[in-house]
There are 2 protein chains.
Amino acid sequence: MNRNMDEVLQHYMAQHGLKSTRQRSLIIDTFFSVGGHLSVEELWNKVREQDIKVSVATVYRTMKLLGECGLAHARNFGDGQTRYEAAAGRHHHDHLICTHCGTIVEFEDDRIEQMQDGVARKHGFTVTSHKMELYGLCRNCQRGGKAKSEA
Amino acid sequence: MNRNMDEVLQHYMAQHGLKSTRQRSLIIDTFFSVGGHLSVEELWNKVREQDIKVSVATVYRTMKLLGECGLAHARNFGDGQTRYEAAAGRHHHDHLICTHCGTIVEFEDDRIEQMQDGVARKHGFTVTSHKMELYGLCRNCQRGGKAKSEA
DNA sequence: CTAAGTGCAAATAGTTTGCATAGCG
DNA sequence: CGCTATGCAAACTATTTGCACTTAG
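Residues numbered from 1 in each chain as written. Chains lettered and ligands numbered in written order. Predicted model: local features only at pLDDT ≥ 70, side-chain atom pairs only at ≥ 80, totals over all residues. Heavy atoms only, no water.

**With respect to the interface of chain A and chain B**
Keep this limit in mind: Only heavy atoms matter for contacts: two residues are in contact if any of them lie within 4.5 Å across the pair. Summed over both partners, the accessible area (1.4 Å probe) lost when two parts come together is defined as the buried area. Criterion for a salt bridge: a side-chain nitrogen of Lys or Arg within 4 Å of a carboxyl oxygen of Asp or Glu. A 3.5 Å cut-off defines polar contacts: any pair of N or O atoms within that distance qualifies, except that in protein one atom must be a possible hydrogen donor and the other a possible acceptor, and neighbouring residues in sequence count only when both atoms are side-chain atoms. By definition, any uninterrupted DSSP run of H or I lasting at least four residues is a helix, any uninterrupted run of E lasting at least two residues is a strand, and each is numbered from the N terminus. Throughout, the ten residues Ala, Val, Leu, Ile, Met, Phe, Trp, Tyr, Cys and Pro are labelled nonpolar, Asp, Glu, Lys and Arg are labelled charged, and all others, Gly among them, are labelled polar. Strands are labelled as partners when DSSP assigns at least two bridges between them.
Between chain A and chain B, the residue contacts involve 33 residues of the former and 31 residues of the latter. In this assembly, chain A packs against chain B so that about 3100 Å² is buried in total across both faces, 64% of it on carbon and sulfur atoms. Note that Lys131 of chain B and Glu133 of chain A form a salt bridge whose closest N and O atoms lie 3.9 Å from each other. Here chain A is connected to chain B by 14 residue pairs in polar contact (both at pLDDT 80 or more). Contributions of two or more residues to the side of chain A that touches chain B are made by strand E4 (94-98), strand E5 (104-107), helix H5 (110-122), strand E6 (126-137) and helix H6 (139-142) of chain A. Per element, the largest residue contribution to the side of chain A that touches chain B is twelve residues, and it comes from E6 of chain A. Split by residue class, the side of chain A that touches chain B holds 16 nonpolar, ten polar and seven charged. In this sheet, strand E6 (residues 126-137) of chain B lies alongside E6 of chain A in antiparallel orientation, the contact comprising eleven bridges.

**A closer look at the sheet that holds strand E5 (residues 104-107) of chain B**
Spelled out, the test is: Think of each axis as a best-fit line through the C-alpha atoms, taken over the contacting stretch in the case of a helix, with angles from 0 to 180 degrees between the N-to-C directions.
Spatial strand order, E5(A)-E4(A)-E6(A)-E6(B)-E4(B)-E5(B): six strands in an open sheet with mixed pairing. Two strands in the sheet have a free side with no partner beyond their single neighbour: E5 of chain A together with E5 of chain B. Averaged over all adjacent pairs, the angle separating strand axes in this sheet is 20°, with direction ignored. Sheet topology places strand E4 (residues 94-98) of chain B next to E6 of chain B; four bridges connect them, and they run parallel. By the bridge assignment for E6 of chain B, Cys98 of chain B is matched with Gly136 of chain B. Each of E4 and E6 of chain A together with E4, E5 and E6 of chain B touches H5 of chain A; the most contacted strand, E6 of chain A, lies at about 125° to it. Set on the sheet, helix H5 (residues 110-122) of chain B makes contact with E4, E5 and E6 of chain A together with E4 and E6 of chain B; between it and E6 of chain B the angle comes to about 125°.

**Let's talk about the protein's contact with DNA strand D**
Using the following cut-off: Note on terminology: near, applied to a residue and a molecule or strand, indicates that one of the residue's heavy atoms is within 4 Å of it.
Taken together, 21 residues sit near DNA strand D, with Tyr60 and Thr82 of chain A together with Thr21, Gln23 and Thr58 of chain B positioned nearest. Each atom of DNA strand D within 4 Å of the protein was classed as base or backbone; sugar and phosphate made up 70%. Contact distances for DNA strand D include 2.8 Å between a sugar or linking oxygen and a side-chain N or O atom of Gln23 of chain B. Measuring from a phosphate oxygen of DNA strand D, one finds a side-chain N or O atom of Thr58 of chain B at 2.5 Å. Among the secondary structure elements, those contributing two or more residues to the surface near DNA strand D are helix H4 (56-68) of chain A together with helix H2 (22-34) and helix H4 (56-68) of chain B.

**A look at H4 of chain B**
All names here are of chain B. For clarity, the cut-off: To estimate how far a helix should reach, multiply one less than its number of residues by 1.5 Å. Exposure classes here rest on a 1.4 Å probe applied to the protein chains alone. A residue is buried below 20% of its type maximum, exposed above 50%, and partly exposed in between. The arc in question is traced by the directions running from the helix axis to the C-beta atoms.
The terminal C-alpha atoms of H4, which comprises 13 residues, lie 18 Å apart, in line with the 18 Å expected from a rise of 1.5 Å per residue. When we look at burial in H4, the residues that qualify are Val59, Thr62, Met63, Leu65 and Leu66. Burial along H4 is one-sided: seen end-on, the buried residues are contained in an arc of 155°. Residues of H4 that are exposed and point over 90 degrees away from its buried face: Tyr60, Arg61, Lys64 and Glu68. Just beyond H4, the residue with positive phi is Gly70, at close to 80°.

So this is what it looks like as structure tokens:
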């Protein structure tokens, strides 16, 4: 976790009367250092490598908090679990998801974003956020590569 | 349900050894005649207006079937439930969702789709499907209109 | 001190499944 | 008839919550 995130978080916590606890710090540190698109359970497992006594409930509560203060975004890639990704200090981006091996690639494209705004305006909407996910086969899986689960 | 959907369904059912039952027909008819983006529970309620004895399990099973044969698409708009929308004979489209009143507007934009393909190609992906959702305020809610739930 | 945070287990919500029975083909 | 579909209730999965206890400020 870099300074910037730390500051944003301290500020937010102060402003909302939130305490900085051992568990919270551990969860947040782990979340930002692992990176990627973590499900709560995955994150919980990582956290428990450091402190076996942290409960899932706390991880859920902490991630909800991170979401509310804008440091993490909750995502739903259709596998039935909510995944979180770091948000602070990052550009908005979208996702390419391989339906075979589960690889997730991030991308950003300004022209598409501009067009989205155009479409929204046409319908009288003011867009505050969006998500775009492209599902298909990654380079490797098109060539008959093995899926993660069969590796 | 129009002829076309009926045919697609009959064909699919025949091909997969599926039976046409009273419950299935009722559920499918209801689904296509109500339209929109129905959650399983909403659909179940509509169905029960006709036949109070149909179980949720059957609605879940039937909608999964419709999804598999391509007549319906499952969507996740972040409210924790899976919603289905009619798919057969319709152009692909995306969604504008009002975060205040819950209104969902459909739109399609070929240029955006083309750009998506371009981006995917750049990353070595072959896209088979995608979803794009724009969240924000609709015209009415920007003017301080009332949300559905407070109406 | 004392309000806020935590762990645990129980509670929810949405969805799936096992099994005995009903019904299409 | 034989196999698939249905209803019901129990099982499951992901997530939330009530409560007694701990802890940061």
